[in-house]
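Structure at a glance
This is what each chain is made of:
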Amino acid sequence: MRRKVQFMIVQMEGNDMKILVPVKRVIDYNVKPRVKSDGSGVDLANVKMSMNPFDEISVEEAIRLKEAGKAEEIVAVSVGPQKAQETLRTALAMGADRAILVNTDEEVEPLGVAKILAKIVEEEAPQLVICGKQAIDDDSNQTGQMLAALLGWGQGTFANTVELDGNSVDVKREIDGGLQTVKLNLPAVVTTDLRLNEPRYASLPNIMKAKKKPMDEKTVADYGVDITPRLTTTNVSEPPVRQAGEKVADVDALVEKLKAVGAI
Amino acid sequence: MKTLIWVEHDNASMKDATLAVVTAAAKLGEVHALVAGSGCASVADQVAKVDGIATVHVADDAALANGLAENVAPLVAGLMDSHDAFLAPATTTGKNIAPRVAALLDVMQISDILSVESADTFTRPIYAGNAIATVKTSDSKLVITVRGTAFDKAATEGGSASIEAVGGASDAGTSAFVSEEIAKSERPELTSAKTIVSGGRALGSSEKFEEVITPLADKLGAAIGASRAAVDAGYVPNDYQVGQTGKIVAPEVYMAIGISGAIQHLAGMKDSKVIVAINKDEDAPIFQVADIGLVADLFDAVPELTSKV
């Protein structure tokens, strides 16, 4: 009897690990954003949109943990417009198991997203949340840290390496000037940096299969959180344009120029 | 307004990144500083001399030794009872801690500010610096990270702040420091260097990068940077990366060698005072922002330049 109980515990440890991966639909990495002439924002009409690159890294890391037998289920979640479905389908095609879309046409700030995610965490009870460190549209770099704060969990930001081990996770972090390793008790939040992995491309068969994977649709009201924006963007402008200088003919002329501007 | 600034330090000395935060905070009101660490009394002494600081709060506790956000954020949130704004540098430390503080206070953080327009309005870069947003907050407490290159550094002498001990720090018990690998170098740090020599993918290998870029940097006493392409190709470690996803720099002189000038790279260095570009492709976008350009094969031009400066 006793042996049987122990066996069950081992089984549970192996199967308990659920990973939640929030993803955001943003302007494609290769598109140069154009500021609207009326200063109201960046023109996103007819612009290619994709999954935030750091979120791709998060999805990839979750899949690798699952492939290594360290995670059982990967749930992708997005807070955004109906079209964020496409982003979630991409996550499913890469290898996530199911998806949750929290449908809203409002712009939700990181604090609001973190509050919604905290509610989803209550329902789903993941052991690990893996977020991109920042979205390449608003460049806030906040959501993961805020979620960790709201949950009272440890946070491993800017992850370079993630090692999951039983009840804890070791996160090697990219910090100014080098790397720092922290050990976090599970459950925990990890945010991903560029060097963590190289995300895979979804294969065509997997894209087909992803269409049949479950996707729940929710609204912000389902979670009962107040996401009223705290910030108002009063203007969006082009950054100051730098004028091109002059080209010099050879190294001697370059040295002269450098001396003239006091650079050497 | 009474502000509280995060002092970046290694328990022995204050980091330069702190000084731009002092300048930004002074635009909002009275500047109070928090030195949170372990055995960090000498840091507090340094900070007290910085021009423009009224009070230095020192939280000296073993739980704060490594700046773990889980332990630091509740301490800061507590101190915000008697302060109106918390400002941290937009360094990896500041970016780790500030949003955690903001969430504890139920405040929406304003990240990476470039200017203080008024007590509730700030500018900040979005879309990798391709646009500048002016944002106005309705929160009663402010949590802000500051882009270091956008503000002058406060003077490290001339101040005489009082130093006060603060208690109440504790170990949240959710995280632990394991180890740190900090690259040791004789060179100036990228983010504070007066001159930076940066190499791109055109270098072709880590050997060539070392052979061509390093001697010029040595001669100029410069820090070495790299484009994301060069980092991704494995020529140099990640912490050399200048760009939106790497380090944001604004030195007196920035030399871009064999760097084409992708948007993401330009976002990290376009505020440099003098930009010098050496590239054999005369149509490379880097020439559109360079003050001085030389269209040449870098493998000829850079060694020649090194011998002549």
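Reading guide: rules and limits
Residues numbered from 1 in each chain as written. Chains lettered and ligands numbered in written order. Predicted model: local features only at pLDDT ≥ 70, side-chain atom pairs only at ≥ 80, totals over all residues. Heavy atoms only, no water. Contact = heavy atoms within 4.5 Å. Buried area = accessible area lost by both parts, 1.4 Å probe. Salt bridge = Lys/Arg side-chain N within 4 Å of Asp/Glu carboxyl O. Helix = DSSP H or I, 4+ residues; strand = E, 2+ residues; numbered from the N terminus. Nonpolar A, V, L, I, M, F, W, Y, C, P; charged D, E, K, R; others polar. Pairing = 2+ DSSP bridges. Buried < 20%, exposed > 50% of the residue type's maximum accessible area, 1.4 Å probe, protein only. Core = buried A, V, L, I, M, F, W, Y, C linked by side-chain atoms within 4.5 Å. 1 Å grid on protein atoms, 1.4 Å probe; cavity = no way out; pocket = protein on both sides within 12 Å on 5 of 7 lines; lining within 4 Å. Points joined across faces, edges and corners; volume = space filled by probe spheres on them. Phe/Tyr/Trp six-rings, centres within 6.5 Å; stacked < 30°, edge-to-face > 60°. Lys NZ or Arg CZ within 6 Å of the ring centre and 35° of its normal. Axes fitted to C-alpha atoms, helices over the stretch in contact; angles between N-to-C directions. Parallel < 35°, antiparallel > 145°, perpendicular 65-115°, else oblique. Left-handed = near helix turned anticlockwise from the far one by under 90°. Polar contact = N/O pair within 3.5 Å; in protein donor to acceptor, adjacent residues only side chain to side chain.

Observations regarding the interface of chain A and chain B
- Between chain A and chain B, the contact holds 77 residues from the first and 84 residues from the second.
- For the pair chain A and chain B, the summed buried area comes to about 6500 Å², and 54% of that belongs to carbon and sulfur atoms.
- The interface formed by chain A and chain B includes six salt bridges.
- Ionic pairing is found between A:Asp252 and B:Lys308, a salt bridge with its closest N-O pair at 2.7 Å.
- Elements with a contribution of two residues or more to the side of chain A that touches chain B: α4 (110-124), α5 (143-151), β7 (154-165), β8 (168-175), β9 (178-185), β12 (231-237), β13 (246-248) and α7 (251-260) of chain A.
- Looking at the side of chain A that touches chain B element by element, the count peaks at eight residues for β9(A).
- Taken together, the residues of the side of chain A that touches chain B sort by class into 35 nonpolar, 21 polar and 21 charged.
- Where β13(A) and strand β16 (residues 292-295) of chain B come together, three bridges link them in parallel fashion. Bridge pairing in β16(B) places A:Lys247 opposite B:Gly293.

As for the pairing of β9(A)
- Of all eight residues in β9(A), six are buried; the element is thus mostly enclosed.
- Where β8(A) lies against β9(A), eight bridges are found, and the strand directions are antiparallel. Residue pairing in the sheet places A:Lys172 in a bridge with A:Thr181 of β9(A).
- Bridge count between β9(A) and strand β11 (residues 175-182) of chain B: seven bridges; the pairing is antiparallel. Paired with A:Lys183 across the two strands is B:Ala176, which belongs to β11(B).

Re the nonpolar core
- Membership of the largest hydrophobic core comes to 97 residues, with the highest contact counts inside it found for A:Ile116, B:Leu34, B:Phe86 and B:Leu87.
- Here this core takes eight residues from α4(A), the largest share from any one element.
- Not counting residues up to four positions away in its chain, the partners in contact with B:Leu87 are B:Thr3, B:Leu4, B:Ile5, B:Trp6, B:Val21, B:Ala24, B:Ala25, B:Leu28, B:Ile144 and B:Val146.
- Ranked by size, the runner-up nonpolar core spans 43 residues in total, among them A:Met51, A:Ala62, A:Ala76 and A:Ile130.

A short note on empty space enclosed by the protein
Residue and element names in this part refer to chain A.
- For the coordinates displayed, the defined rule picks out one cavity of 30 Å³ or more.
- Within this model, the largest cavity holds a volume of roughly 60 Å³.
- Glu109, Leu111, Gly112, Lys115, Asp226, Ile227, Thr228 and Arg230 are the residues that line the largest cavity.
- Here the residues of the lining of the largest cavity sort into two nonpolar, two polar and four charged.

Re the packing of aromatic side chains
- Under the counting rule described, the total for this entry stands at zero aromatic pairs over all chains.
- In this structure, A:Lys133 packs its charged tip against the face of A:Phe158, placed 5.9 Å from the ring centre.
- The ring centre of B:Phe287 lies 4.6 Å from the NZ or CZ of A:Lys247, which sits over that ring.

Concerning the packing of α7(A) against helix α8 (residues 298-308) of chain B
- In the contact formed by α7(A) and α8(B), the axes pass within 10 Å of each other and the chain directions differ by 50 degrees. Classed by the angle they form, the pair α7(A) and α8(B) counts as oblique. Here the hand of the crossing between α7(A) and α8(B) comes out right-handed. Side by side, α7(A) and α8(B) meet where A:Val251, A:Asp252, A:Leu254, A:Val255 and A:Leu258 of the first sit next to B:Ala301, B:Glu304, B:Leu305 and B:Lys308 of the second.
- Broken down by class, the residue content of the contact of α7(A) with α8(B) amounts to six nonpolar, no polar and three charged.

Some points on the sheet that holds strand β4 (residues 85-89) of chain B
Residue and element names in this part refer to chain B.
- The strand order β5-β9-β4-β1-β2-β3-β10 describes an open sheet built from seven strands, whose pairing is parallel. Lying at the two open borders of the sheet, with one neighbouring strand each, are β5 (110-113) and β10 (162-165). Ignoring which end each strand starts from, the neighbouring axes of this sheet average 25 degrees apart.
- In the sheet, strand β3 (residues 55-60) pairs with β10 via four bridges, with the strands oriented parallel. Bridging across to β10, Thr55 finds its partner in Ser162.

A word on α5(A)
- Within α5(A) the residues assigned to the buried category are A:Gly144, A:Gln145, A:Met146, A:Leu147, A:Ala148 and A:Ala149.
- Tucked inside the fold, the buried residues of α5(A) contact α4, β6 (128-132), β7 and β10 (188-192) of chain A together with α4 (92-105) of chain B.

Re unusual backbone geometry
Residues and elements named next belong to chain A.
- Along the chain, Leu186 connects to Pro187 via a cis peptide bond; the corresponding omega equals -5 degrees.
- For Pro187, the position within the fold is in the loop between β9 and β10.
- In the Ramachandran plot, Ala125 falls in the positive-phi region, its phi being about 50 degrees despite a non-glycine side chain.
- Look at Asn141: it is not a glycine, yet its phi comes out positive at around 60 degrees.
- Mapped onto the elements of the fold, Asn141 is located in the loop between β6 and α5.

A word on the side chain of A:Lys115
- For A:Lys115, the position within the fold is in helix α4.
- Note on A:Lys115: relative accessible area 18%, which makes it buried.
- Within the local environment of A:Lys115, its side chain forms a polar contact with the side chain of B:Asp106, the two groups lying 2.8 Å apart.
- Not counting chain neighbours up to four residues away, the residues in contact with A:Lys115 comprise A:Leu150, A:Val225, A:Asp226, A:Arg230 and B:Asp106.

With respect to the pattern of salt bridges
Residue and element names in this part refer to chain A.
- Summed over all chains, the structure comprises 28 salt bridges over all chains.
- Residue Lys18 is joined to Glu124 by a salt bridge in which the shortest nitrogen-to-oxygen separation is 2.7 Å. Taken together, the positions of Lys18 in strand β1 (residues 18-22) and Glu124 in helix α4 put the pair 106 residues apart, joining distant regions of the chain. In this pair, the class of Lys18 matches that of Glu124, namely buried.
- With its nearest N and O atoms 3.7 Å apart, the salt bridge here joins Lys24 to Asp138. Here Lys24 is found in the loop between β1 and β2 (25-27), whereas its partner Asp138 is found in the loop between β6 and α5, with 114 residues between them in sequence.
- Note on Lys24: relative accessible area 28%, which makes it partly exposed.
- Through salt bridges that share partners, Lys18, Glu73, Arg98 and Glu124 make up one connected network.

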